[in-house]
Amino acid sequence: MNSAEKLDMFCYQCSWTTNGTGCTVKGVCGKVPTVARLQDNLLFSIKGITAYLYHARELGYTDPEVDAFLESAFYSTLTNVNFDPEKFVALALETGRMNIKTMRLLKTAHIEKYGEPVPTRVRTGSVKGKGIIATGHGLKALEELLKQTEGTGINVYTHSELLPAHGYPGLKKYSHLVGNLGKAWHDQRQLFNKYPAAILGTSNCVLPPLEGYKDRMFTTGVTGLPGVKHIDGYDFTPVIEKAKSLPDLEDEHKEEFLVTGFSKSVILSLAEKIKSLVEAGKIRRFFLVGGCDAPLKKSQYYREFVEKLPKETIILTLACGKFRINDLDLGEIDGVPRLIDIGQCNDAIVAIEIAQALSELFGVGVNDLPLTLVLSWMEQKAVAILWSLLALGIKSIYIGPILPAWVNDDILNVLRSEYDLRLITEPEEDIKNIFS
């Protein structure tokens, strides 16, 4: 038997020999596509965990249990190690549990370094003067930039997932952290072309730049872009010098402010009031609406969904998906804001802890709370968070705007039967079903 015949008899997806009959696994039992998709799911989840772990490590926080899990989880995806779909479902749930540990680790790192967030109004327009726009998720990089620009006359702006930085006392103390420009990650090409500022990418969610601003964009950390100067470490002198050489930004008199910084303690300080409002029927239901945004027309669903919710509802939001709704003026319910921004994607742990606290407050399980989760775009960090929620046994989650790429019919059937996972349809129909 020659080597070609041997290769013909071996399936490199799952290590099964084919006995000269072709790929019987893929062609008959269907395990290969399901296992391959579950491996993709696992890799997406691992990417999400490592992103959070990287930022925690920047601040000096690590967890050996998480490190060990990442090692074994990566090893499990080798093509000749495992082909059992149930094993990969179990690994996905364990990924969810490890992601909870990692998000808690990062939350601790952020709070011990910068203080617990407090509600803060954030300006959305530019201020007259030189400017630097910081985008991504890296609070450590932002802090170093603020230190180095203090007293230089340069204003610093956040973009996308750095908006919640304004709520941390250790960062908001810098008076030249003047506001937030733009919304989710996918508006950056238009936004960065508009403002003659230097730009610093601190993490993932950066796009290859347009020629109009490539020479004034910089990256740091693990981030890198073609044709863009990369800075190793935290010496941002090149960014500062570039900002000084550019024209001033104009003073934009915008009336729109965004509010961020609702930490767990801030929300739970209202616990008794919230309980009385629920018992009085003034709050009928809580919603978590957010996640990773996507530049898809159907993503408009999330704004329409919130706009159509009854006024007796409270909406928590997080991650860059919040930019679909965080400019809405939804008012208050007896002093409790109807729209509450709890932070970055990693601050999903805050939402989880709030749900658990409400569960104790009302004396019911989390699935019996008047709470519905409506999440967006299940890839990488978002899929790690999804499996965290599933690992906690949370059911009836709505996801969208489209079916995640790693899900096939077999996987979807399991998620539906075991966790009552639901795909978004139309806002009115989903709202009707939720309140029925």
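Since this is a predicted model, take the numbers as computed values, not measurements.

Parameters and conventions
- Residues numbered from 1 in each chain as written.
- Predicted model: local features only at pLDDT ≥ 70, side-chain atom pairs only at ≥ 80, totals over all residues.
- Heavy atoms only, no water.
- Buried < 20%, exposed > 50% of the residue type's maximum accessible area, 1.4 Å probe, protein only.
- Helix = DSSP H or I, 4+ residues; strand = E, 2+ residues; numbered from the N terminus.
- Contact = heavy atoms within 4.5 Å.
- Axes fitted to C-alpha atoms, helices over the stretch in contact; angles between N-to-C directions.
- Parallel < 35°, antiparallel > 145°, perpendicular 65-115°, else oblique.
- Nonpolar A, V, L, I, M, F, W, Y, C, P; charged D, E, K, R; others polar.
- Pairing = 2+ DSSP bridges.
- Core = buried A, V, L, I, M, F, W, Y, C linked by side-chain atoms within 4.5 Å.
- Salt bridge = Lys/Arg side-chain N within 4 Å of Asp/Glu carboxyl O.
- Polar contact = N/O pair within 3.5 Å; in protein donor to acceptor, adjacent residues only side chain to side chain.
- Right-handed = clockwise from strand over helix to strand, strands pointing away.

Draft legend 1. Fine view of helix α6 (residues 139-149). Burial runs high along α6: nine of the eleven residues are buried. For α6, the full list of buried residues reads L139, K140, A141, L142, E143, E144, L145, L146 and T149. At the exit of α6 stands G151, carrying a positive phi of roughly 80 degrees.

Draft legend 2. The arrangement of unusual backbone geometry in detail. A cis amide bond, omega 5 degrees, links G400 with the succeeding residue P401. For P401, the location among the structural elements is in the loop between β15 (398-400) and α15 (409-419). Positive phi is not limited to glycine here, since D334 has a value of about 50 degrees. Examined against the element boundaries, D334 turns out to sit in the loop between β11 (332-333) and β12 (336-337).

Draft legend 3. Local environment of the environment of K242. Relative to the elements of secondary structure, K242 occurs in helix α9 (residues 237-245). Between the alpha carbons of K242 and S72 there is a distance of 44 Å; along the sequence they are 170 residues apart. Filtering out sequence-adjacent residues up to four positions away, K242 remains in contact with A198, D215, R216 and F218.

Draft legend 4. The arrangement of the packing of helix α5 (residues 85-114) against helix α13 (residues 348-362) in detail. Close contact between α5 and α13 brings their axes to 9 Å; oriented N to C, the two are set at 105 degrees. As judged from the angle between their axes, α5 and α13 are roughly perpendicular. Along the contact surface, α5 presents I100, M103, R104 and K107, while α13 presents A348, I349, V350, I352, E353 and Q356. Grouping the constituent residues of the contact of α5 with α13 by class yields six nonpolar, one polar and three charged.

Draft legend 5. Local environment of the sheet that holds strand β9 (residues 285-291). In space, the six strands of this open sheet follow the order β13-β10-β9-β14-β15-β16, with parallel pairing throughout. Of all the strands in the sheet, just β13 (339-341) and β16 (422-423) have a single pairing partner and so form its edges. As paired strands, strand β10 (residues 313-317) and β13 are joined by three bridges and run parallel to one another. The partner of L316 across the bridge, within β13, is I340.

Draft legend 6. How the structure looks around the side chain of N326. With respect to the helices, strands and loops of the structure, N326 is situated in the loop between β10 and β11. Beyond its immediate stretch of four places on either side in the chain, N326 contacts L163, L258 and L339.

Draft legend 7. Main features of the side chain of E252. For E252, the location among the structural elements is in the loop between α9 and β8 (257-260). Assessed through its relative accessible area of 18%, E252 is described here as buried. Setting aside anything within four residues of it in sequence, one finds E252 in contact with R123, G125, S126, K194 and Y195.

Draft legend 8. Quick peek at the nonpolar core. Core analysis: the biggest nonpolar cluster contains 71 residues, and I397 and W406 have the highest contact counts within it. Counting 27 residues, the second-largest nonpolar core is a separate cluster that includes I154, L162, A165 and L200.

Draft legend 9. Structural context of the pattern of salt bridges. Evaluation of the coordinates by the stated rule reveals 25 salt bridges. Two residues, E161 and K322, come together in a salt bridge whose shortest N-O distance is 3.3 Å. Of this pair, E161 sits in the loop between β3 (155-159) and α7 (169-172) while K322 sits in the loop between β10 and β11, and the two are 161 residues apart along the sequence. Here E161 matches K322 in class, with each residue buried. Residues participating in the shared-partner salt-bridge network are R104, K107, K264 and E353.

Draft legend 10. The arrangement of the environment of D334 in detail. We classify D334 as partly exposed; its relative accessible area is 41%. When the C-alpha positions of D334 and K273 are compared, they lie 8.9 Å apart, and in sequence the two are 61 residues distant. Setting aside residues up to four positions removed in sequence, D334 forms contacts with K273, L277 and K282. One polar contact links D334 to K282, side chain to side chain, over a distance of 3.0 Å.

Draft legend 11. Quick look at the pairing of strand β2 (residues 131-135). Burial analysis of β2 places five of its five residues in the buried class, the great majority of the element. Residues G131, I133 and T135 of β2 are buried on one face, and the alternating residues I132 and A134, pointing to the opposite face, are buried as well. Strand direction decides the pairing type here: β2 and β3, joined by five bridges, are parallel. For T135, the partnering residue across the bridge sits in β3 and is H159. Taken together, β2, α6 and β3 constitute a β-α-β crossover, and its handedness is right-handed. Where β2 lies against strand β5 (residues 198-201), four bridges are found, and the strand directions are parallel. Each residue of the ladder has a partner; that of T135, found in β5, is G201.

Just distances and angles here, no functional claims.
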